[in-house]
Amino acid sequence: MVAKTKRDRQLLLERFTAWAQTMPMAEFVARYGVVLVLILLVALMTFLSPIIRGQQLFLTDRNLLQVALQASINAIIAVGMTFVITSGGIDLSVGSIVALSGVAAAMAMRDTDIGPLGGFGVAVLVGTLCGLFNGFLITRIKLPPFIATLGTMGIFRGVALVISEGRSIYGFGREFLQTFSGTVANTAIPVSVAFAAVLAVIFWWVFNYTKFGKYTIAIGGSEETTRLAGIPVERYKMGIYALSGMLTGIAAALLLARLSSGDPTFGTMFELDAIAAAVMGGTSLTGGEGTVVGTIVGALIISLVRNAINIFNIPSYWQQVIIGSVIVLAVMLDQWRKKQSRQQ
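Residues numbered from 1 in each chain as written. Predicted model: local features only at pLDDT ≥ 70, side-chain atom pairs only at ≥ 80, totals over all residues. Heavy atoms only, no water.

Enquirer: Which parts of the structure should I look at to understand the overall build of the protein chain?
Expert: Tallying secondary structure elements over the protein chain gives 14 helices and 2 strands in all. Across the 344 residues of the protein chain, 47% fall into the buried class. Within the protein chain, contacts between residues separated by at least 24 positions form 76% of all contacts whose residues are at least 6 apart in sequence. For the protein chain, the computed accessible surface area is about 17200 Å², with 66% contributed by carbon and sulfur atoms. (Helix = DSSP H or I, 4+ residues; strand = E, 2+ residues; numbered from the N terminus. Buried < 20%, exposed > 50% of the residue type's maximum accessible area, 1.4 Å probe, protein only. Contact = heavy atoms within 4.5 Å. Areas by Shrake-Rupley, 256 points an atom, 1.4 Å probe, with all protein chains shown as cover.)

Okay, structure coming up:
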């Protein structure tokens, strides 16, 4: 309903004020802060974006689809990262998993007749196995997640460099590229964007409405308490890291199709983007709290920031400065929010 008079606007303001007062500031920030940042960013880019030949550079179908396309790969990886961080862990190896999965899939399609679906399956299988290896190091060898995945970050990329001999892999067939780098039938929606949307819905449901999701939150909140409750913590943590690896493998296959080559250097710093998207979206780095929807919004914000850098011709090396700053600010906000919650 649109407020038509000054009295109507005053009533709407009073209702909003009353509603805001019933919700603690920490809860309001946790629920809606990242969405407000997204809205503010879109508004700023709409008003400040250059206009060339009467056409606003930001609000065009082509540019908005490009923003979604750039966000899709990070969003898929970041959903897996949300589960990992919520469980109290971290995965620094996702960028290297992208490289290894992409190289393995490209080589398999080049050297055998497995077809596009087979190549996609190879990428997902390799990613899942990498995730299981991370889980094994953390649950069986008892390495801290930071140390374990820091080590596998080097191992996985090293393996990618070894099997590819440090070169890009080409010649794995146009059918794969046409299947996974085009658009959904009779629409302008890129395949990777459709994948990201479907996976986001599936794992939003898994996170919020299944035992797997609830145990993920419980493990991050208090691993020892969860274990004493009779829940097989190690088994679920293995599953969480396998899930992260699987989603990273899917992202690797889609990136392989988009870039038309498998390269052992692909995926560098992807872990930073995924962690930033998850933490910015409301996932706590201390574990026990996360949101898939917030992670998707966080991935969109990162993509919009990169889009703004391109539109306004800001030197590209500022990207990592901005993304790193976002992580620091998100962690500071999370700590402030928890402090507010304890005081109430």
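Enquirer: Would you explain the packing of helix α8 (residues 191-209) against helix α11 (residues 233-259) in this entry?
Expert: When two helices pack together, their arrangement is captured by the angle between the axes and the distance separating the axes. Viewed as axis vectors pointing N to C, α8 and α11 meet at an angle of 165°, and their least axial separation amounts to 10 Å. The orientation of α8 with respect to α11, classified from their angle, is roughly antiparallel. Remark: the crossing between α8 and α11 carries right-handed chirality. Across the interface between the two elements, V191, S192, F195, L199 and F203 of α8 pack against L243, M246, L247, I250, L254 and R258 of α11. (Axes fitted to C-alpha atoms, helices over the stretch in contact; angles between N-to-C directions. Parallel < 35°, antiparallel > 145°, perpendicular 65-115°, else oblique. Left-handed = near helix turned anticlockwise from the far one by under 90°.)

Enquirer: Would you explain the nonpolar core in this entry?
Expert: Side chains of a nonpolar character, in soluble globular proteins, are inclined to be buried together. By size, the foremost hydrophobic cluster in this structure holds 88 residues, and its most contacted members are F83 and F176. It is α11 that provides the largest number of residues to this core, a total of 14 residues. If near-sequence neighbours (up to four positions away) are discounted, F83 is found in contact with F203, V206, F207, F212, T216, I240, L243 and V292. (Core = buried A, V, L, I, M, F, W, Y, C linked by side-chain atoms within 4.5 Å.)

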